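Residue strings, one per chain:
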Amino acid sequence: MTSTTIERSATARTGTEPILRLANVHSYIAESHILQGISFDVLPGRVTVLLGRNGAGKTTTLRTILGLLPAREGTITLDGANLTRDSVHAVVRRGIGYVPEDRDVFAGLTVEQNLRLAQRPGATGERLARAYDLFPDLKKRGAQRAGSLSGGQQQMVAIARALVNDNRLLLIDEPSKGLAPVVVNQVTEALVAVKGTTTILLVEQNLAMARALGDDAVIIDDGRVVHAGSMDEVSGDEALQARYLGVGGHA
Amino acid sequence: MSTFVLLTLTGLALAAMYFLLAAGLSLIFGLMDVLNFAHGAFFTWGAYSAWWTIDQVSPAGTGSTPAFFLAIVVATVVGAALATIVEVGLLRPLYARPIFQVLVTLGAGLTLSQLTSVIWRPDARVFAQPNWLSDTSTILGARVPNNRFLLIAAALLVLAGMLLFLKKTRYGLIVRAGAENREMVRALGIDVDRAFTLVFALGGALAGLGGAFGAAYFGSIDPSFGSVNLIFAFIVVVIGGLGSVTGSALAAVVIGLAQQFGNYYTSWAGDFVIVLLLAAVLLLRPGGLMGSTR
Amino acid sequence: MTARTVSKMTPGGLVRSLAPVVVLLLLLVVPRLSIEVPVLFNGPLDRPGNLRLLAVGFTLGIAALSYNLLFGFTGVLSFGHALFFGAGVYLPAIALRHWEWSVVPSLLFGLAGGTVLALAVGALSLRTEGVYLAMVTLAFAQAGAVIVGKNVGDLTGGEEGLSLRTRGLPEWMVGVVNTDNLYWMALVTLIVVYLLAWRLVTSPVGQVWKGIRENERRVEMLGLRPYVFKLLAFVISGALATCGGMVYLFLASGATPRVVGANFTVTLLLMVIIGGSGSLWGPVAGAMLYHFLDIRLTDWAASDTVASLPAVLSRPLRDPLFIFGVIFILLVMFFPRGIAGAFGGRLRPFRHVFGGAVARPAVAPGKTTE
């Protein structure tokens, strides 16, 4: 088991077809070359954790997948369909749920309105109910303005917003950022409950959370993939962590 | 006392007209960050298309009641249609260049306003309205033209309708969410561009409606009709807070009353007070009365 | 070897370098040129009507050039610029007529008044940014238009305007026969203003202005206060516009409310866009062209040729503003760099000074197919 996971390469894995594939993706913020040829796969039903230092290009990778930033080179495919040139809403409608780094809940809308807005054609009431079940805290606050919620509750709204549709893939950007440890545990529990029912590409700096959720790990540094393998492998390799994640040796 | 009542009601009617113009401007800015200088032209076109409709339907120089209501519908449709054309044809290609968007709305406003002069010549036209509209009713000793009441009622209806639209409909939610964070709305799989067109068309419709009522209020129209009122509508929008419909309504009342009462004392005091009000609001509360902290 | 060094050595490059000097010399001798230029000008070039046409163009050029210091070079979109041109027209006119001052004190009063006004309006407006600034300045311009139009204090003559009081003026400024003197006055003022502006935009201050236009935050991080530099741009451009207005007063023999309203600022913006906001000379060319077309189209529209056209064509042609509106839209959509952008590669002496100032179109967000 361990030997097969170690042998996995970033781009071509045997067995299952990837849900998401990035091949040699380049993107820019203004004139800064941020992603310099990123390639990796996300396999169905698994949680792939995107690791790397601040500024390595993790958030940019998610934004480029969504089309919020144009990929100037390379291709991005979801279930084999090329979405590199599609507009943001078209990309998302192929079945992507996005939980952004800063949550970006709509402060002036109620919790309920935030979730209803996220429902795409075909979204069922049952899924909405399940999203509420996952976060009992939100259930009783449906009529409350999202702007009046605590940071943790806002994070729950942001995650719930990605769960109200029958998505192929969730892109989740640093769900633990700026949250108290108790709340991080709550969020982790919720995501563990989601895990297995859907495919997730997770950006996370908090190694404990990454370990709890991750199956596969992709490490990027300076806009390039420097390591791809299993999460267990990264967890056990302190040298790797020290080199690319800025943990261990020099925190 | 009767002067006070007259000035108050006339001021409120003026406020109603400014609101019809400002509500669309405010929504457009809130969602799209576009300062729409073409809005005055939609207003002018509303006025001219209303006048033209009445001229076609009624015998010369008179305005029948059905003709007036038909004129209002035509003005609203014309406003919406022009706004859609401007948004899709001129603004959409320039979304990456905000300054040029402002410039192109300026150009569109100038061109469309002048087009009324090209078609109907630059002279002022008398707006023929049904007698019951130009007749006066006596309230507390003040003789107030009936079209003032109609204008106020229309604005109240529009205000209620817009609040319902924004609170209860999906497109209303998209507009409000988009005003907060356009990118996130896109990331939810929503085609924000369609919402842009919708908001622009809605704003154009309200401006067209306002133009028709404005024509009834002033009794005559000319090609500069919209641009004169646009400046006051801008002031209303800023004082009310960009993107806030309720704020626009409140600010419109303040501006309408200040202008009427001020100009009653000297011909210029009202206009001048408004500018001072604007400067004061911007310096003390840069987001406007009901503005969010954007 | 760069393209520029090559062009300096070729005869073609020399011609291009000399072109502005030749144009300038030609303009200086126009009042002595009794040549007929058919279609473009009525009668010989040195006819007072033609001289006035050109000279008014110069004063509008000054206004457009000064406006562009703010708009094109600093990136501040103000709708209040007409106020300062208007101050240059009205303040000396009032001093001359109502207080019967002589010319020099009246002009000094105008310049001081315009500058103080720019300082006050700028200091208040620049506390806001972007569209807010546009609207605040628009409101101030409107206030100015109200004061002038409603004849506050019985000074401005309201909608009628104020005619120039000629009794206190020196001989050489008065009467149609002296139009050539006014022409030279306008041209020399334009040259002085141009050189001043050129000196400014190439100075360190000009660099900061460009920095603010490109990225205000970065300027802040350098430890500079953008507000101060923007205010400086606002005041200088206001004062220069006032100078243009003062010359205009003598050419127009009076003041009319047309020169204060927001519409006049929109006209200035039009001139800048026609000419190109990336250079100093572009707006001047734009203003000249605008004024020329404005006057000539009106004449031309009244001609029999136009009258004989079907109404679909003749009516729009009779309305220069409509035509300018259409031109404006087309320029904004397809030629955002204007005339100067089109010739930017040709006129070397300007390009190497202002090459860096040519507006770069922003990179389109969303997915592109580059």
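Residues numbered from 1 in each chain as written. Chains lettered and ligands numbered in written order. Predicted model: local features only at pLDDT ≥ 70, side-chain atom pairs only at ≥ 80, totals over all residues. Heavy atoms only, no water.

1. With respect to the interface of chain A and chain B
Frequently, the measure chosen for interface size is the accessible area that the parts lose on association.
So, step 1. With 21 residues of chain A at the contact, the number on the chain B side is 17 residues.
So, step 2. Roughly 1700 Å² is buried in total at the junction of chain A and chain B, and carbon and sulfur atoms are behind 60% of that figure.
So, step 3. Broken down residue by residue, the surface that chain A buries against chain B is led by H89, F106 and L117 of chain A, which jointly contribute 34%.
So, step 4. Linking chain A with chain B are one salt bridge, by the criterion used here.
So, step 5. Close ionic contact of E183 of chain B with R63 of chain A constitutes a salt bridge, the shortest N to O distance being 2.8 Å.
So, step 6. At the boundary of chain A and chain B, one finds nine residue pairs in polar contact (both at pLDDT 80 or more). (Contact = heavy atoms within 4.5 Å. Buried area = accessible area lost by both parts, 1.4 Å probe. Salt bridge = Lys/Arg side-chain N within 4 Å of Asp/Glu carboxyl O. Polar contact = N/O pair within 3.5 Å; in protein donor to acceptor, adjacent residues only side chain to side chain.)

2. Thoughts on the sheet that holds strand β2 (residues 32-42) of chain A
Residue and element names in this part refer to chain A.
So, step 1. The four strands lie next to each other as β2-β1-β4-β5, forming an open sheet whose pairing is antiparallel. At either end of the open sheet lies a strand with only one pairing partner, and these are β2 and β5 (81-82).
So, step 2. In the sheet, strand β1 (residues 20-29) pairs with β2 via eight bridges, with the strands oriented antiparallel. Residue pairing in the sheet places V25 in a bridge with I38 of β2.
So, step 3. Contacts between helix α2 (residues 58-66) and the sheet are confined to β1, β2 and β4 (71-78), with β1 contributing the most and set at about 105 degrees to the helix. (Pairing = 2+ DSSP bridges. Helix = DSSP H or I, 4+ residues; strand = E, 2+ residues; numbered from the N terminus. Axes fitted to C-alpha atoms, helices over the stretch in contact; angles between N-to-C directions.)

3. Brief notes about the packing of aromatic side chains
So, step 1. Tallied over the entire structure, the rule returns 27 aromatic pairs over all chains.
So, step 2. Centre to centre, the rings of F68 of chain B and F69 of chain B are 5.6 Å apart; their planes meet at 80 degrees, and the pair counts as edge-to-face.
So, step 3. On the basis of relative accessibility, which here comes to 40%, the residue F69 of chain B falls in the partly exposed class.
So, step 4. Through pairs of rings, three or more aromatic residues link up here, namely F43, Y217, F218 and F225 of chain B.
So, step 5. Sitting over the face of the ring of Y28 of chain A, R72 of chain A holds its NZ or CZ atom 4.0 Å from the ring centroid.
So, step 6. Just above the ring of Y217 of chain B sits the side chain of R148 of chain B; from NZ or CZ to the centre is 4.1 Å. (Phe/Tyr/Trp six-rings, centres within 6.5 Å; stacked < 30°, edge-to-face > 60°. Buried < 20%, exposed > 50% of the residue type's maximum accessible area, 1.4 Å probe, protein only. Lys NZ or Arg CZ within 6 Å of the ring centre and 35° of its normal.)

4. A word on the interface of chain B and chain C
So, step 1. With 41 residues of chain B at the interface, the matching set in chain C holds 41 residues.
So, step 2. Both sides together, the interface formed by chain B and chain C hides about 3800 Å², and carbon and sulfur atoms give 81% of it.
So, step 3. Area buried by chain B at its contact with chain C is led by L103, V118 and L283 of chain B, which between them contribute 14% of it.
So, step 4. Run the count over chain B and chain C and you get one salt bridge.
So, step 5. Taken together, chain B and chain C are joined by five residue pairs in polar contact (both at pLDDT 80 or more).
So, step 6. When residues of the side of chain B that touches chain C are traced back to their parent elements, those giving at least two are α3 (65-91), α4 (98-120), α10 (225-240) and α12 (269-284) of chain B.
So, step 7. Of the residues forming the side of chain B that touches chain C, the biggest block, 15 residues, is contributed by α4 of chain B.
So, step 8. Partitioning the side of chain B that touches chain C into residue classes produces 32 nonpolar, six polar and three charged. (Nonpolar A, V, L, I, M, F, W, Y, C, P; charged D, E, K, R; others polar.)

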